[in-house]
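This is what each chain is made of:
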Amino acid sequence: MSANDQRNIPATPDRLVAALEGALESRGLGAKSFVDAHVRTATEDWVPQNGARVVAKAWSDPAFRARLLKNGKDAVAELGLSLPAHHRHLVVLENTPKVHNVICCTQCSCTAYTVIGLPPDWYKDFEYRARVVRESRSVLREMGLDLAPDIEIKVWDTSADTRYMVLPARPANTAGWSEEKLASIVTKDAMIGVARL
Amino acid sequence: MDGMHDLGGKQGFGRVRHSPKAQVFHADWEKRSNALVAFAVKQGWLNMDEYRHAIERMEPRHYLAAGYYERQFTGLVTLLVEKGVVSREELERIAGAAIPLSLPGAPGRPNAPGRARFKAGDRVRVREDFVPGHIRMPAYIRGKTGTVVAESPAYPFPDAHAHGVQAEDEPTYDVAFRSEDLWPQGADAALVHVGVFQSYLLPA
């Protein structure tokens, strides 16, 4: 089969990815074992339970909360969490009764994935990327978050390698809860800012 | 470049297809493609600015028709072919199928000369730059005025770093724009915060 014939065959992505992985594996650089390990890390370690622990500690420990708001990267390191080297700054955005924060990435789909988990499908879709900066209140309402008119919305577009996470407001009915129990109610959506708890 | 990827503020899109149980991956190949990007970074074959730009260089019909991980894979394989790590012919022979690549790029640029230093509270205006290569300035802030809220540590300048152009690292500023200044009478009221590289900013 000539190269021209091959180019007429519709490719499926699984076939293309396998071809690249096979080609790189044949170079003897350990591509396959790296990929296997990375898949485990991405699915088992980069989970929203990490950020949930951070939020629960910030709710429980005012000194930690202050450190977290001052320097997110250093504060999450106290809980054994790290960010990739090229994410040099983690900014934690505190929701209050009068301010609601929501994060996005209009040009690609950047997130603090080691802390809040990899972005969900809708975060990477064109609808969210195009609309949330311009129609924030409408988009949030469509997604089930109907904010009172006196709540100010701040949208954070991840256009540099600084990363963001939202510190949700602590629900009123959680007095006396352990950090573990608090962490169990914190969702990825709340740390992106498309839900309040 | 004013590419298809620069979606902020574009109109005509419908509802976000949100689900509280939304997935990150939908197939194994997506996980493996994502991992191959990390492998390429570890090998020193590419940096994140080159990678983002390679995705932005996808032909617009392809960009819009592809899902996230297909865009990611296209950016990755384009760079690996351009840098000579693999050849398109080798990959197409193994796959037995065509591998669509992104379109060739245009040159990058170094940092702006005479960059100003800003502090929280300063009013700033975004330069009206139109460049053929990579830029991390969403078009919706071009020429607009906002207020500096904070400064982030210095990062490689994307317009250079995506193109192998020598440049200094420079700070990014968290700049808050009022949505009504960005889209007068055409937006929900909000403050839109954007991380803006120093080279893109002028004193207002």
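See the structure printed just above.
Now for a look at the structure at hand.

Parameters at a glance
- Residues numbered from 1 in each chain as written.
- Chains lettered and ligands numbered in written order.
- Predicted model: local features only at pLDDT ≥ 70, side-chain atom pairs only at ≥ 80, totals over all residues.
- Heavy atoms only, no water.
- 1 Å grid on protein atoms, 1.4 Å probe; cavity = no way out; pocket = protein on both sides within 12 Å on 5 of 7 lines; lining within 4 Å.
- Points joined across faces, edges and corners; volume = space filled by probe spheres on them.
- Helix = DSSP H or I, 4+ residues; strand = E, 2+ residues; numbered from the N terminus.
- Contact = heavy atoms within 4.5 Å.
- Buried area = accessible area lost by both parts, 1.4 Å probe.
- Salt bridge = Lys/Arg side-chain N within 4 Å of Asp/Glu carboxyl O.
- Polar contact = N/O pair within 3.5 Å; in protein donor to acceptor, adjacent residues only side chain to side chain.
- Nonpolar A, V, L, I, M, F, W, Y, C, P; charged D, E, K, R; others polar.
- Buried < 20%, exposed > 50% of the residue type's maximum accessible area, 1.4 Å probe, protein only.
- Phe/Tyr/Trp six-rings, centres within 6.5 Å; stacked < 30°, edge-to-face > 60°.
- Lys NZ or Arg CZ within 6 Å of the ring centre and 35° of its normal.
- Core = buried A, V, L, I, M, F, W, Y, C linked by side-chain atoms within 4.5 Å.
- Pairing = 2+ DSSP bridges.
- Axes fitted to C-alpha atoms, helices over the stretch in contact; angles between N-to-C directions.
- Expected span 1.5 Å × (residues − 1).

## Some details on the layout of surface pockets
Its boundaries defined by the atoms lining it, the second largest pocket holds a volume of some 490 Å³. Along the wall of the second largest pocket there are 21 residues; nearest its centre are Pro48(A), Lys188(A), Pro20(B), Lys21(B) and Ala22(B). Residue assignment for the lining of the second largest pocket shows that the elements contributing at least two residues are α3 (31–45) and α12 (188–192) of chain A.

## Thoughts on the interface of chain B and chain A
Each partner contributes to the interface: chain B provides 83 residues, whereas chain A provides 75 residues. Both sides of the chain B and chain A interface together cover about 7000 Å² of buried area, and 59% of this is carbon and sulfur. Summed over the shared surface of chain B and chain A, the result is 7 salt bridges. Residue Glu90(B) is joined to Arg27(A) by a salt bridge in which the shortest nitrogen-to-oxygen separation is 3.1 Å. For the pair chain B and chain A, the interface holds 38 residue pairs in polar contact (both at pLDDT 80 or more). Listed by contribution, the elements that provide at least two residues to the side of chain B that touches chain A are α1 (28–42), α2 (48–56), α3 (60–65), α4 (68–82), α5 (88–95), β2 (145–155), β3 (170–178) and β4 (191–197) of chain B. Top contributing element to the side of chain B that touches chain A by residue count: α1(B), with 10 residues. Taken together, the residues of the side of chain B that touches chain A break down into 46 nonpolar, 18 polar and 19 charged.

## Considering the pattern of salt bridges
Evaluation of the coordinates by the stated rule reveals 31 salt bridges over all chains. Measuring nitrogen to oxygen at the nearest pair gives 3.5 Å for the salt bridge that ties Asp49(B) to Arg52(B). Here Asp49(B) and its partner Arg52(B) are both found in helix α2, 3 residues apart, which amounts to about one turn of the helix. We note that Asp49(B), like Arg52(B), is buried. Glu180(B) is the partner of Arg178(B) in a salt bridge, and the nearest nitrogen-oxygen pair spans 3.6 Å. Note on Glu180(B): relative accessible area 45%, which makes it partly exposed. Here the salt bridges share partners, and the residues they tie into one network are Glu21(A), Lys32(A), Asp36(A) and Arg32(B).

## A look at the packing of aromatic side chains
Considering all chains together, one arrives at 16 aromatic pairs over all chains under this definition. Relative to Trp183(B), the ring of Tyr140(B) has its centre 5.2 Å away and its plane inclined at 35°; by these criteria the two rings are tilted. Of the two residues, Tyr140(B) is situated in the loop between β1 (123–126) and β2 and Trp183(B) in the loop between α7 (179–182) and β4; the sequence distance between them amounts to 43 residues. Owing to a relative accessible area of 7%, Tyr140(B) belongs among the buried residues under this scheme. Cation over ring: Lys57(A) sits above Phe64(A), and NZ or CZ is 5.5 Å from the ring centre. It is Arg71(B) that lies over the ring of Tyr63(B); its NZ or CZ is 5.0 Å from the centre.

## Side note on the nonpolar core
If you look at the biggest cluster of nonpolar residues, it comprises 75 residues, and the most contacted ones within it are Ile103(A), Tyr128(A), Met165(A) and Ile141(B). The dominant element in this core, judged by the number of residues it contributes, is helix α4 (residues 48–60) of chain A, at 6 residues. Membership of the second largest hydrophobic core comes to 46 residues, among which are Ala23(A), Ala40(B), Ala54(B) and Val86(B).

## Digging into the sheet that holds β2(B)
The strand order across the open sheet formed by 7 strands is β2(A)-β3(A)-β4(B)-β3(B)-β2(B)-β1(B)-β5(B), and the pairing between neighbours is mixed. What marks the edges here is a single partner per strand, and that holds for β2 (99–104) of chain A together with β5 (201–203) of chain B. For this sheet, the mean angle separating the axes of adjacent strands, direction not counted, is 35°. Sheet topology places strand β3 (residues 152–157) of chain A next to β4(B); 4 bridges connect them, and they run parallel. Within β4(B), the position partnered with Val155(A) by the bridge is Val192(B).

## Overview of α4(B)
Quick reminder: α-helices carry 3.6 residues per turn. Residues three or four places apart thus point the same way. All names here are of chain B. Over its 15 residues, α4 runs 21 Å from end to end, which matches the ideal 21 Å to within 8%, given 1.5 Å per residue. Counting buried positions over the 15 residues of α4 gives 11, a clear majority of the element. Among the residues making up α4, those that are buried are Tyr 69, Arg 71, Gln 72, Phe 73, Thr 74, Gly 75, Leu 76, Val 77, Thr 78, Leu 79 and Leu 80. Of the residues one or two after α4, Gly 84 is the one with positive phi, at around 80°.

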